[in-house]
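Survey of secondary and tertiary structure
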There are 2 protein chains.
Amino acid sequence: MWRGGRWALQVVVGRRFTTAPPPPVGRLNHLAIAVPDLDAAAARYRDVLGVKCSEPLSLPEHGVRVVFVELANTKLELLEPLGDASPIAAFLQKNSAGGIHHICLEVTDIHASMAHVGKRVRLLDKEPKTGAHGLPVVFVHPKDMCGVLTELEEMKG
Amino acid sequence: MWRGGRWALQVVVGRRFTTAPPPPVGRLNHLAIAVPDLDAAAARYRDVLGVKCSEPLSLPEHGVRVVFVELANTKLELLEPLGDASPIAAFLQKNSAGGIHHICLEVTDIHASMAHVGKRVRLLDKEPKTGAHGLPVVFVHPKDMCGVLTELEEMKG
């Protein structure tokens with residue numbers, strides 16, 4: 001009983017007075033490239049780089065058509081606008097040939113990451129959204145990350 | 001002797017009349033992010049994302065100071081201009097907060113990759129240069145790769 005009481009006290013003290021380490025960021029899940037013509041872009045990447053590309057997939061709820069390009073350690077996602085309210089339409093108006101739209105980093109607990117990151121820089125969403133892979137995501141303001149639009153995606157272990 | 005002769009003939013026919021597969025592209029070696037203030041950028045990435053950052057390294061022959069940011073499967077390279085002729089100075093004039101400058105893909109044979117890629121899109125160099133890691137590299141024109149400046153780096157097996 002006494003030893004149990006001491007352990008319980010240590011846990012409480014640890015929680016209240018130590019600084020928790022930042023929630024870990026793991027893999028680069030993908031690099032998203034906005035393109036004006038998805039089929040031409042996939043053909044270009046396949047032909048020039050010899051990389052394996054998926055069939056195009058329409059994601060109307062996310063306003064994009066996507067092709068996944070497999071690399072040995074991560075993937076590229078080629079994104080074409082789909083519909084009038086596509087989140088990449090404005091980017092392509094400024095970058096007509098296409099360009100890197102965002103990077104996606106994996107986290108293990110989206111709420112813990114949001115609490116940590118949101119105290120330091122601006123998040124674009126107050127609550128996690130469901131991303132294109134069906135997992136919880138949040139975006140960090142690009143101006144606060146050296147001009148890089150950064151998506152955090154919760155991966156289930 | 002007869003079997004040896006048949007095999008030799010097959011090799012010659014294979015070389016002359018079959019279409020060789022494209023030289024393979026392997027890992028995403030790194031993602032280079034140009035930043036106006038390297039120390040501030042490294043502190044930001046370390047603090048916000050909890051990622052491990054190297055000490056800054058000056059590479060005057062490449063016109064940059066660099067910090068390597070370790071991710072689980074690849075790395076980010078934060079680049080600050082060094083000297084008057086830095087290759088990232090013009091990029092930062094257009095993108096004052098910083099931004100993704102290029103991606104680097106690993107290849108196994110830079111000359112074979114240049115022969116294949118150079119028939120299809122524009123290379124920025126006629127011969128491989130020695131990159132920041134001391135390995136042979138070549139850049140592909142970003143306009144030909146959907147707006148993405150793409151470095152190919154030869155990795156020794």
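Predicted, not measured: the structure shown is a model, and the values here were computed from it.

Cut-offs and rules
Counting starts from 1 at the beginning of each chain's written sequence and moves along it residue by residue. The lettering of chains begins at A and the numbering of ligands begins at 1, in the order of writing. Restriction of local features to residues with pLDDT of at least 70 applies here, the model being predicted, together with a cutoff of 80 or more for giving and counting side-chain atom pairs; totals for whole chains, interfaces and linings are based on all residues. Side-chain measures were taken over the full set of non-hydrogen atoms in the model, leaving aside hydrogen atoms and water. Labels follow the DSSP assignment, with helices taken as runs of H or I lasting at least four residues and strands as runs of E lasting at least two, numbered in each case from the N terminus. Categorising residues by exposure relies on relative accessible area from a 1.4 Å probe, with only protein chains included: less than 20% of the type maximum marks a residue as buried, more than 50% marks it as exposed, and the intermediate range marks it as partly exposed. In what follows, residue pairs with any heavy atoms lying within 4.5 Å of each other are defined as contacts. UniProt positions are given in the numbering used here, feature names are shortened, and annotations may be inferred rather than shown by experiment. To define a nonpolar core, start from buried Ala, Val, Leu, Ile, Met, Phe, Trp, Tyr and Cys residues and group those joined through side-chain atoms within 4.5 Å. Two cysteine sulfur atoms form a disulfide, by the criterion used here, when they sit within 2.5 Å. The copies were overlaid with a least-squares fit restricted to C-alpha atoms from residues scoring a pLDDT of at least 70 in each copy. Two parts placed together each lose some accessible area under a 1.4 Å probe, and adding up what both lose gives the buried area. By salt bridge we mean one thing: a side-chain nitrogen of Lys or Arg within 4 Å of a carboxyl oxygen of Asp or Glu. Here a polar contact is recorded for every N or O atom pair within 3.5 Å, except that within protein the pair must consist of a potential hydrogen donor and a potential acceptor, and residues adjacent in sequence are included only if both atoms are side-chain atoms. Three classes are used: nonpolar for Ala, Val, Leu, Ile, Met, Phe, Trp, Tyr, Cys and Pro, charged for Asp, Glu, Lys and Arg, and polar for all others, with Gly counted as polar. Strand pairing is defined by DSSP finding a minimum of two bridges between the two strands.

1. Considerations on the overall build of chain A
Helix and strand counts for chain A come out as four helices and nine strands. In chain A, the succession of helices and strands from N to C terminus is α-β-α-β-β-β-β-α-β-α-β-β-β. By residue count, 43% of the 157 residues in chain A fall in the buried class. A sequence separation of at least 24 residues applies to 51% of the contacts in chain A between residues at least 6 apart.

2. Looking at the UniProt feature "domain: VOC" (unreviewed entry) in chain A
UniProt's entry tags residues 27-155 of chain A with the feature "domain: VOC" (unreviewed entry), counted in the numbering of this structure. Overall, residues 27-155 of chain A shows 21% helix and 37% strand. The separation of its end C-alpha atoms is 10 Å.

3. What to know about the nonpolar core
A:Y45, A:L78, B:Y45 and B:L78 are the most contacted members of the largest nonpolar core, which has 64 residues in total. The contacts of A:Y45, once residues within four sequence positions are left out, are A:I33, A:G50, A:V51, A:C53, A:L76, A:L78, B:M145, B:C146 and B:V148.

4. What about the state of the cysteines?
Summed over the entire model, instances satisfying the criterion amount to zero disulfides over all chains. In this structure A:C53 is a free cysteine whose sulfur lies 10 Å from that of B:C146, the closest cysteine sulfur available. For A:C53, a relative accessible area of 13% puts it in the buried group.

5. Let's talk about the environment of B:P87
All names here are of chain B. As for its position among the elements, P87 is in the loop between β5 (75-81) and α3 (89-94). Linking P87 and V64, residues 23 residues apart in sequence, is a C-alpha distance of 8.0 Å. When residues no more than four places from it in sequence are discounted, the contact partners of P87 are H62, G63 and H101.

6. Here we look at the relation of the copies chain A and chain B
With an axial shift of 0.0 Å and an RMSD of 0.0 Å, the rotation relating chain A to chain B amounts to 180°. Each copy turns onto its partner about a two-fold axis. Across chain A, the rotation axis passes nearest the C-alpha of A:N73, at a separation of 3.1 Å. Take the interface residues of chain A: 100% of them recur as interface residues in chain B, which is what a same-surface contact looks like.

7. Topic: the interface of chain A and chain B
Across the contact, 39 residues belong to chain A and 39 residues belong to chain B. Both faces combined, the contact of chain A with chain B buries some 3,300 Å², and carbon together with sulfur accounts for 71% of it. Broken down residue by residue, the surface that chain A buries against chain B is led by A:L49, A:N73 and A:C146, which jointly contribute 19%. Summed over the shared surface of chain A and chain B, the result is two salt bridges. When the shortest N-O distance is used, the salt bridge between A:D47 and B:R120 registers 3.0 Å. At the boundary of chain A with chain B, the tally comes to 17 residue pairs in polar contact (both at pLDDT 80 or more). Those elements that provide at least two residues to the side of chain A that touches chain B are β1 (25-34), α2 (38-49), β6 (99-107) and α4 (110-118) of chain A. Residue classes in the side of chain A that touches chain B are distributed as 25 nonpolar, eight polar and six charged.

8. Things to note about the pairing of strand β4 (residues 64-70) of chain B
All names here are of chain B. Of all seven residues making up β4, five are buried, and the element is well covered by its neighbours. In this sheet, β4 lies alongside strand β2 (residues 52-53) in antiparallel orientation, the contact comprising two bridges. Among the inter-strand pairings, K52 is bridged to a residue of β4, identified as E70. Relative to β4, strand β3 (residues 57-59) runs antiparallel, the two being bridged by three bridges. By the bridge assignment for β4, L59 is matched with V64. As paired elements, β4 and β5 share seven bridges and run antiparallel to each other. Directly across from V66, in β5, lies its bridge partner L79. Hairpin connection from β4 to β5: four residues lie between these consecutive antiparallel strands.

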